[in-house]
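What follows is each chain in one-letter form.
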Amino acid sequence: MSLAADLETAVFDRVPQRAVSIVDAHAHVGPYSEFFIPQCEPADLVRVMDRCGVDRAVLSSHLAIQLDARSGNEATAAAVAAHPDQLAGYLVVNPWQNPAEELARWGDDPRFVGVKLHPDLHAYPLTGSRYAPVWEFAERSGCLVLTHTWTGSPFDDPKHLGMVADRHPEVVLLAGHAGALPEGFDQAIEVAAAHPRVLLEICGSYHSGATITRMVRALGASKVVFGSDFPFIDLRYSLGRLIFADLDTEDRIAVLGGNASRLFAWRGRPPADDRPTG
Amino acid sequence: MDGPSTELGRRVRLTDVSVALGRHPRAAAGSVAVKQLLAMMDGFGIATAVVSNLASRWHAPAAGNRELVEMLDGVDRLHACWTVLPDVCGEIGAADEFVERARTAGVVAVRAFPADHRYRLDGPDLTDLHGALVRARLPLLVEASQTSWEAVEAVAHRFDGHTLVIGDVGYRSLRTVAGVLSRCDNVYLDISYLASHCGLEWLVGRFGAGRFLFGTGSPLRDPAEVVTRLLWSELDDDAVTQIGSGTAGRLFRTERKPS
């Protein structure tokens, strides 16, 4: 059977998929004030990952992105320490909460494999000077930076992403949600096409198999990365789009996990196992 | 619950209560005719569907309803869902007359778009229609974004025998949804975008699988989302079957179409 058939059969048979290595490059952990999340602790996440056959998730704690980067990054580190084979962490840098200090504290800690920025939640533009220590760290280390993007935002519209990529062409930038809104997908694609180290991550309420396919065909599969945003949004809604999307085998492997394994390799973590990762 | 089996597989019978034909004006959703819809259903193992016409939402409700009946004529797997309006302008006819026409045409549910069509779900102009729907046992489908939960609850309380199916719930609403479901036994959720992480399992644990219906939200939503969500849920096979088609079978008269 083809990979697509294997994956679809696993869904229809209600069993976890085993055919390919899946890495979720956009996840969180912990409660969130705006709404109730029934299952959001680290063990809950790993249980659902096992249910579906997702090998790894790279996460930032909701505490870190919402309230307090310092204690939130501690929560992320603890979650990764509890599940080192399945979870990895994003170091959240809040531009109002001592970016340089936070990077110095955690920059060498192998539990963190990327930096996460959330300009919308922190009400500070991605292009602002308070993020300077992040770009310096990323240029020096090769660390990937995942940033929230939202079309029309005064803080992290895709155009802000393009401006940062112009200034820091060596930094690997992952555009969380790829602009998030359908009217911004074209612009996100244009920014990624114009900048070799800008990639698109595909979680959010407005994506579909068709939008993922469009991004892959426009940019090549190497520039599109699976993320779910769970437990903000259920893992399975996001993953289902990609499982059933009209992609060939190599492209599906790359987007599901191959690209993420490559992007996070700067930290020296091995792939989950020897299944295809692109 | 016993947890998911490895045997249910494609034997899960799915009834899609939230799908539409036609052309969407605000998304790259293509133009969906009966042939494309049936192909989509086959691809995802969906046996039957309750279908609206996008023309009723985005252009002319009454004409769209008539067109829908013509499009579905002779297609046993597809059941019509008409769009309702208040009758204050004489657009769809008096409530009882409208419902009788709907029944004769094989309509199994109706859908309201209070926000798009500029009226109140719980307003006095819809009172007669709610009453007629209750008498005819025709469920009313509404997307959460088209009304307020307060209006849903008000209608649910005022019309005891009504069946209200709310869709497009999203992932930010559990605090509100749980309260409404606990107070209103006649409110049900279409899971086409019930996207709270593990929210489906949590809600089913509280209210039972019989309060939930499978729907894709196609063509605006990707059916792959909810198919994967339901089949890879942590619910047991009985609950999945109930949500997949059992609840719809109990609430909607989809057994046979008029000849």
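Since this is a predicted model, take the numbers as computed values, not measurements. (Residues numbered from 1 in each chain as written. Chains lettered and ligands numbered in written order. Predicted model: local features only at pLDDT ≥ 70, side-chain atom pairs only at ≥ 80, totals over all residues.)

Draft legend 1. The arrangement of the packing of helix α5 (residues 99-106) of chain A against helix α7 (residues 132-141) of chain A in detail. Residue and element names in this part refer to chain A. For the pair α5 and α7, the least separation of the axes is 8 Å and the interaxial angle reads 30°. Taken together, α5 and α7 sit at an angle that is classed as roughly parallel. Along this stretch, α5 crosses α7, giving a crossing that reads as right-handed. In this structure, α5 contributes P99, A100 and L103 to the contact, and α7 contributes P133, V134 and F137. By residue class, the composition of the contact of α5 with α7 is six nonpolar, no polar and no charged. (Axes fitted to C-alpha atoms, helices over the stretch in contact; angles between N-to-C directions. Helix = DSSP H or I, 4+ residues; strand = E, 2+ residues; numbered from the N terminus. Parallel < 35°, antiparallel > 145°, perpendicular 65-115°, else oblique. Left-handed = near helix turned anticlockwise from the far one by under 90°. Contact = placed C-beta atoms within 7 Å. Nonpolar A, V, L, I, M, F, W, Y, C, P; charged D, E, K, R; others polar.)

Draft legend 2. Here's a closer look at the packing of helix α9 (residues 182-194) of chain A against helix α10 (residues 209-219) of chain A. All names here are of chain A. Put simply, α9 and α10 touch, their axes get as near as 10 Å, and they point 25° apart. Comparing the axis directions of α9 and α10 gives the class roughly parallel. α10 is crossed by α9, and the crossing has right-handed handedness. Counted together, F185, I189, A192 and A193 of α9 and T211, M215, A218 and L219 of α10 form the full contact between these two elements. Here the residues of the contact of α9 with α10 are counted per class, giving seven nonpolar, one polar and no charged.

Draft legend 3. Inspection of unusual backbone geometry at higher detail. Going from F230 of chain A to P231 of chain A, the amide bond is cis rather than trans, its omega being 5°. Even without being glycine, H177 of chain A reaches a positive phi, approximately 75°. Mapped onto the fold, H177 of chain A is located in the loop between β6 (173-176) and α9. One non-glycine residue, R137 of chain B, adopts positive backbone phi at about 55°. With respect to the element layout, R137 of chain B can be found in the loop between α6 (127-136) and β6 (140-143). In this structure R137 of chain B comes out as partly exposed when scored by C-beta crowding, with 15 C-beta atoms within 10 Å. (Buried ≥ 20, exposed ≤ 12 C-beta atoms within 10 Å, placed from the backbone.)

Draft legend 4. Local environment of the UniProt feature "domain: Amidohydrolase-related" (unreviewed entry) in chain B. Taking the UniProt record as the reference, the feature "domain: Amidohydrolase-related" (unreviewed entry) is found at residues 91-253 of chain B. When the span residues 91-253 of chain B is considered, its composition is 47% helix and 11% strand, and the gap between its end C-alpha atoms is 26 Å. (UniProt positions renumbered as here; feature names shortened; annotations may be inferred.)

Draft legend 5. Fine view of the interface of chain B and chain A. At the interface, 28 residues of chain B touch 32 residues of chain A. Sorting the residues of the side of chain B that touches chain A by element identifies α8 (174-183), α9 (199-207) and α10 (223-231) of chain B as the ones contributing at least two each. A breakdown of the residues in the side of chain B that touches chain A according to their chemical character gives 13 nonpolar, eight polar and seven charged.

Draft legend 6. Layout of the sheet that holds strand β5 (residues 109-112) of chain B. All names here are of chain B. Within the open sheet, the nine strands sit side by side as β2-β1-β3-β4-β5-β6-β7-β8-β9. Their pairing is mixed. Only two strands of the sheet have a single partner each, and these edge strands are β2 (31-32) and β9 (212-213). Of the pairings in the sheet, the one linking strand β4 (residues 78-83) to β5 comprises three bridges and is parallel in character. Residue pairing in the sheet places C81 in a bridge with A109 of β5. (Pairing = 2+ DSSP bridges.)

Draft legend 7. View of the pairing of strand β1 (residues 23-29) of chain A. All names here are of chain A. Within β1, seven of the seven residues are buried, leaving the element largely enclosed by the surrounding structure. With five bridges connecting them, β1 and strand β2 (residues 56-61) associate as parallel partners. Paired with A27 across the bridge in β2 is L59. Between the parallel elements β1 and β2, the chain passes through helix α2 (residues 42-52) in a crossover that is right-handed. (Right-handed = clockwise from strand over helix to strand, strands pointing away.)

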